[in-house]
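Here is what each chain is made of, one letter per residue.
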Amino acid sequence: MLTVALAALRTRWTTLIGTFVALALGVGLIATMGLGLASTFDAPDREPQRFAASRVVVMGNDTLTVPVRRGASTAQVTQRLAHPHPVDSELLSDLRALGPVTAAGRQATGSGGPDAVGLDAPVADVRRVVGDRAQVLTGDDRRRADPSTEQDAEALLTVNALLGTAAGITAFVSVFVVASTFAFAVALRRREFGLLRTAGATPGQLRRLLLTEAAAVGTLASAAGCALGHWGAPHLAQLLVDGGAAPSWFTVRPVVWPLHAAFWTGPVVALAGVWAASRRAGRTGPAEALREADVDTGVLPPVRRLLGFALLAGAVFLMTKSLVTDASGLLKRKTYTTQPMVLITAAALLAPLLVRPLTRLLRLPGATGMLVRANTAASLRRTAAVAAPVLITVALAGSVLGSAMTVSQAKAAEARERTRADLVVTGEDLKGLEARPVPGAVLSASASTAVFVREEGTALIRSQARAVDDATTLAAVERLPVVAGDLRDLDDRSIVVNEEWERHTVGATVRVWLGDGRPVSLRIAAVLAIGTGNNGAYVTAANAPTAPVDRIDVRLAPGADRVAVTAALRDTGGTVRSTDRWLAATHPRTSPQTRLGLIVVLGIALVYTALGLANTLLMAGSVRSTELNALRLAGATRPQVLGVVAGETLFAVGLGAVLGIAVTAVNLAGLGAALATLSAPVTVAVQWPVVGGTAGACAVVAVAAAMAPKAVRHG
């Protein structure tokens with residue numbers, strides 16, 4: 001059977017070349033994304049910069065470690081503090097007794113003391129003097145005191161999220177399209193299998209033939225794809241750097257495991273794609289396989305039907321469960337980019353069920369219209385194979401981009417609704433803004449901080465928070481979504497939380513760690529709605545004494561001189577902007593990094609869809625000579641034949657587009673329901689230009705590929 005398989009590959013290479021290219025491209029994309037993703041796990045090794053000349057660095061404690069339950073045992077969980085501790089004056093005095101101390105000019109926020117110092121002294125002596133009052137860093141660990149260390153970690157986290165999303169969608173699209181292409185290629189060889197069965201081939205031999213071919217094509221395509229991925233990964237890294245989505249130092253590292261993972265994906269996908277089709281081919285009898293009927297039957301076997309409805313039920317269950325238990329999870333990028341894949345797969349599996357009902361609704365004039373309807377209803381496999389990649393691309397374009405825009409617009413609308421401020425002063429200086437009374441205006445000064453809470457004894461949760469000077473002015477300037485309690489009850493012994501907290505009952509006491517790591521017990525004064533995730537906690541300035549004021553919300557009194565107030569606010573040392581300008585700067589529709597990530601993801605899906613469409617239609621056209629010649633003999637003109645082929649193709653593309661739009665509608669409806677559940681503004685954004693452009697591009701590629709085969713051109 002191996003000899004027969006290799007002979008078939010040599011004689012049928014023209015029909016397998018498209019499958020080979022599709023699989024090689026898929027493996028190449030997976031390898032490219034894998035290499036990029038592997039390069040985000042660690043920041044580049046850098047020499048210490050700030051204290052390069054110092055033998056030892058003493059840095060204030062910057063982490064909080066809390067014990068949590070892990071089953072029957074206990075584990076230590078560490079979170080980075082919002083306000084790292086300084087090297088205090090007493091410790092500095094003790095260190096100076098060991099030798100000269102270098103502070104390198106950087107101060108801990110709001111403390112007046114340096115965050116780290118360097119000195120030349122024996123390490124053992126330094127550790128003895130410091131004890132547990134600070135951290136002692138030596139060797140390469142000294143770079144932890146460099147500002148770039150934290151910036152590098154944040155940059156890598158951003159690139160990791162982007163590439164992780166792109167890698168997941170790339171794998172899904174490539175696996176889906178390649179498997180569909182393999183299955184369709186096997187279906188086109190029905191008569192060949194009939195001849196082999198007539199010659200005495202057993203069902204097992206047919207299955208081994210197809211699996212051997214798939215393994216051979218998959219192995220060769222994987223090798224080519226790995227070479228393509230190795231070449232393309234540095235170019236992807238440079239694209240991310242040029243687009244501002246990755247830091248300037250980001251490069252692809254020589255890692256081997258992504259190439260191994262990508263290589264073995266090829267044969268596995270090829271074998272998986274051909275497995276079900278090979279079993280159907282093996283069960284087909286010689287007489288049945290050689291009959292002349294061109295009407296597809298049995299294209300939706302019980303297993304496929306069961307799997308399709310199971311995935312459909314699973315998609316509904318996942319969305320319903322999220323809405324009931326964790327509606328905020330639907331607003332996260334990883335959720336709204338991956339959850340649609342379940343629904344997409346279900347729709348693609350069940351697509352053949354919709355072909356014939358839709359053709360009955362299709363009303364096209366003349367003989368050409370009648371033939372389009374008849375051929376489409378008869379060729380379910382071809383129609384479904386064309387519709388599947390279109391469905392994927394349109395659904396991803398509508399769901400992913402629409403979800404991202406919906407969440408961004410909801411955040412912007414929420415921020416606008418919850419403020420009464422006319423002006424906003426912002427500052428980025430570590431020393432903070434100087435809030436002074438201004439005639440004709442109410443000022444609410446606040447600082448960015450964080451609180452940590454241990455929930456259910458098993459997790460240490462960090463919650464962003466604002467530290468405010470006065471709760472009364474906060475209530476006058478902000479319109480926060482309070483669902484229980486009163487903002488004006490906030491004092492130094494209380495806290496405002498949101499409904500996402502495990503304990504969110506007004507009057508209850510909650511044990512938290514403040515931004516500098518101090519443990520305190522605070523009474524819940526008010527509870528906010530969860531919203532889009534920006535409704536964090538609120539504490540008073542006394543519970544964040546080292547946090548510098550970085551924002552002042554200003555509400556003008558009736559009749560106040562706006563120009564005079566603006567001029568007075570400039571003395572605070574910050575940037576004064578109108579509320580609209582501040583909202584536009586802090587809540588853009590989409591960031592450049594997000595736009596680039598979406599372009600990469602949708603570009604990959606569109607390219608792969610174009611390749612899958614071209615491959616499927618070229619294969620289909622290569623075996624239609626008998627059918628098209630029969631049309632010519634029956635009196636059809638060449639334009640009519642071309643019209644029939646184009647009409648069938650456009651119907652299949654339209655079916656995929658309709659299913660893709662339906663998937664998009666369901667996903668965006670679920671997102672809108674989640675926003676309503678979270679008491680956030682519901683602003684569903686359907687990106688019709690992108691969806692329409694994607695469907696149009698698919699139609700152009702599909703029609704061009706359908707017209708390319710010789711059987712069509714000379715039919």
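All values derive from a computational prediction rather than experimental measurement.

Calculation notes
- Residues numbered from 1 in each chain as written.
- Predicted model: local features only at pLDDT ≥ 70, side-chain atom pairs only at ≥ 80, totals over all residues.
- Heavy atoms only, no water.
- Helix = DSSP H or I, 4+ residues; strand = E, 2+ residues; numbered from the N terminus.
- Buried < 20%, exposed > 50% of the residue type's maximum accessible area, 1.4 Å probe, protein only.
- Areas by Shrake-Rupley, 256 points an atom, 1.4 Å probe, with all protein chains shown as cover.
- Core = buried A, V, L, I, M, F, W, Y, C linked by side-chain atoms within 4.5 Å.
- Contact = heavy atoms within 4.5 Å.
- Arc of directions from axis to C-beta.
- Polar contact = N/O pair within 3.5 Å; in protein donor to acceptor, adjacent residues only side chain to side chain.
- Phe/Tyr/Trp six-rings, centres within 6.5 Å; stacked < 30°, edge-to-face > 60°.
- Salt bridge = Lys/Arg side-chain N within 4 Å of Asp/Glu carboxyl O.
- Pairing = 2+ DSSP bridges.
- Patch = residues over 30% accessible without salt bridge, like charges linked within 9 Å, V, L, I, M, F, W, Y side chains within 5 Å.

Caption draft 1: Broad picture of the overall build of the protein chain. Each helix and strand in the protein chain was counted, giving 23 helices and 16 strands. When each of the 715 residues of the protein chain is scored for burial, the buried share is 49%. Of the roughly 31800 Å² of accessible surface on the protein chain, 60% is carried by carbon and sulfur atoms.

Caption draft 2: Quick look at the nonpolar core. If you look at the biggest cluster of nonpolar residues, it comprises 82 residues, and the most contacted ones within it are Leu163, Val173, Leu240, Phe250 and Leu396. At the level of elements, helix H2 (13-38), helix H5 (147-187), helix H7 (203-242), helix H8 (257-283), helix H12 (340-350), helix H15 (380-417), helix H19 (592-622) and helix H21 (638-677) are the ones that each hand at least two residues to this core. Here valine 173 is in contact with Ile392, Leu396, Ala605 and Tyr608, once residues within four sequence places are set aside.

Caption draft 3: Just helix H3 (residues 89-96), in detail. Taken together, the buried positions of H3 are Leu91, Leu92 and Leu95. An end-on view of H3 places all buried positions within 105° of arc, on one side of the element. Facing away from the buried side of H3 by over 90 degrees, the exposed positions are Ser89, Glu90 and Arg96. On its buried face, H3 is in contact with strand S1 (56-59), strand S4 (101-102), strand S5 (116-119) and helix H4 (123-130). Between a side-chain oxygen at the N-terminus of H3 and the backbone nitrogen of glutamate 90 the separation is 3.2 Å; the capping residue is aspartate 88.

Caption draft 4: Region of the structure containing the environment of proline 234. Tracing the backbone shows proline 234 in helix H7. Separated by 199 residues in the primary sequence, proline 234 and leucine 35 have C-alpha atoms spaced 8.9 Å apart.

Caption draft 5: Spotlight on the packing of aromatic side chains. The full count for this structure, using the stated rule, is one aromatic pair. Ring centres of phenylalanine 263 and tryptophan 264 lie 5.1 Å apart, and the angle between their planes is 90°; this geometry places the pair in the edge-to-face category.

Caption draft 6: Spotlight on the pattern of salt bridges. Enumeration over the complete set of coordinates arrives at 13 salt bridges. A salt bridge links arginine 551 to glutamate 478; the shortest N-O distance between them is 3.5 Å. In this pair, arginine 551 sits in strand S15 (residues 549-556) while glutamate 478 sits in the loop between helix H16 (471-477) and strand S10 (482-485), placing the two residues 73 residues apart along the sequence. The same class applies to arginine 551 as to glutamate 478, namely buried. Aspartate 516 is the salt-bridge partner of arginine 518, the closest N and O atoms lying 3.0 Å from each other. Judged by its relative accessible area of 35%, arginine 518 is partly exposed.

Caption draft 7: Just the pairing of strand S3 (residues 73-80), in detail. Examined bridge by bridge, strand S2 (residues 63-70) and S3 share eight bridges and lie antiparallel to one another. Looking across to S3, one finds that arginine 70 is bridged to serine 73. Count of turn residues in the S2/S3 antiparallel hairpin: two residues, of which glycine 71 carries a positive phi of about 70°.

Caption draft 8: Representation of the environment of aspartate 422 in the model. Its place among the elements puts aspartate 422 in the loop between H15 and strand S7 (423-426). Placed 55 residues apart in sequence, aspartate 422 and valine 477 show a C-alpha to C-alpha distance of 8.9 Å. Every residue in contact with aspartate 422, bar those within four places of it in the chain, is listed here: Val554, Arg555, Leu556, Arg562, Ser578 and Thr579. In terms of polar contacts, aspartate 422 uses its side chain to reach the backbone amide nitrogen of leucine 556, at 2.8 Å.

Caption draft 9: Region of the structure containing the environment of alanine 327. Its location among the elements puts alanine 327 in the loop between helix H10 (302-325) and helix H11 (333-338). The class of alanine 327 is buried, set by a relative accessible area of 7%. Between the C-alpha atom of alanine 327 and that of leucine 678, which follows or precedes it by 351 residues, the distance is 6.9 Å. If we skip the residues at most four places from it in the chain, alanine 327 touches Ser322, Ala674, Thr677 and Leu678.

Caption draft 10: Examining the side chain of threonine 664 more closely. Topologically, threonine 664 is positioned in helix H21. Among all residues touching threonine 664, those that are not within four sequence positions of it are Val394, Ala395, Gly398 and Ser399.

Caption draft 11: Structural context of helix H13 (residues 352-361). Residues of H13 that are buried include every one of Pro352, Val355 and Thr359, and no others. Projected down its long axis, H13 shows its buried positions confined to an angular sector of 20°, all on one face. Relative to its buried face, H13 has exposed residues pointing more than 90 degrees away, namely Arg360 and Leu361.

Caption draft 12: Spotlight on a nonpolar patch on the surface. Together, Phe309, Leu312, Val316, Leu353, Leu354, Leu358 and Leu361 make up an exposed nonpolar region whose accessible area comes to about 590 Å². Elements represented by at least two residues in the nonpolar patch include exactly H10 and H13. Considering every element that reaches the nonpolar patch, the biggest residue donor is H13, with four residues. When you line up the elements, leucine 361 lands in helix H13.

Caption draft 13: Geometry of unusual backbone geometry. Backbone geometry places glutamate 456, a non-glycine residue, at a positive phi of 55°. When you line up the elements, glutamate 456 lands in the loop between strand S8 (441-455) and strand S9 (459-468). Residue serine 679 is not a glycine yet carries a positive backbone phi of 60°. Among the secondary structure elements, serine 679 is positioned in the loop between H21 and helix H22 (688-707).

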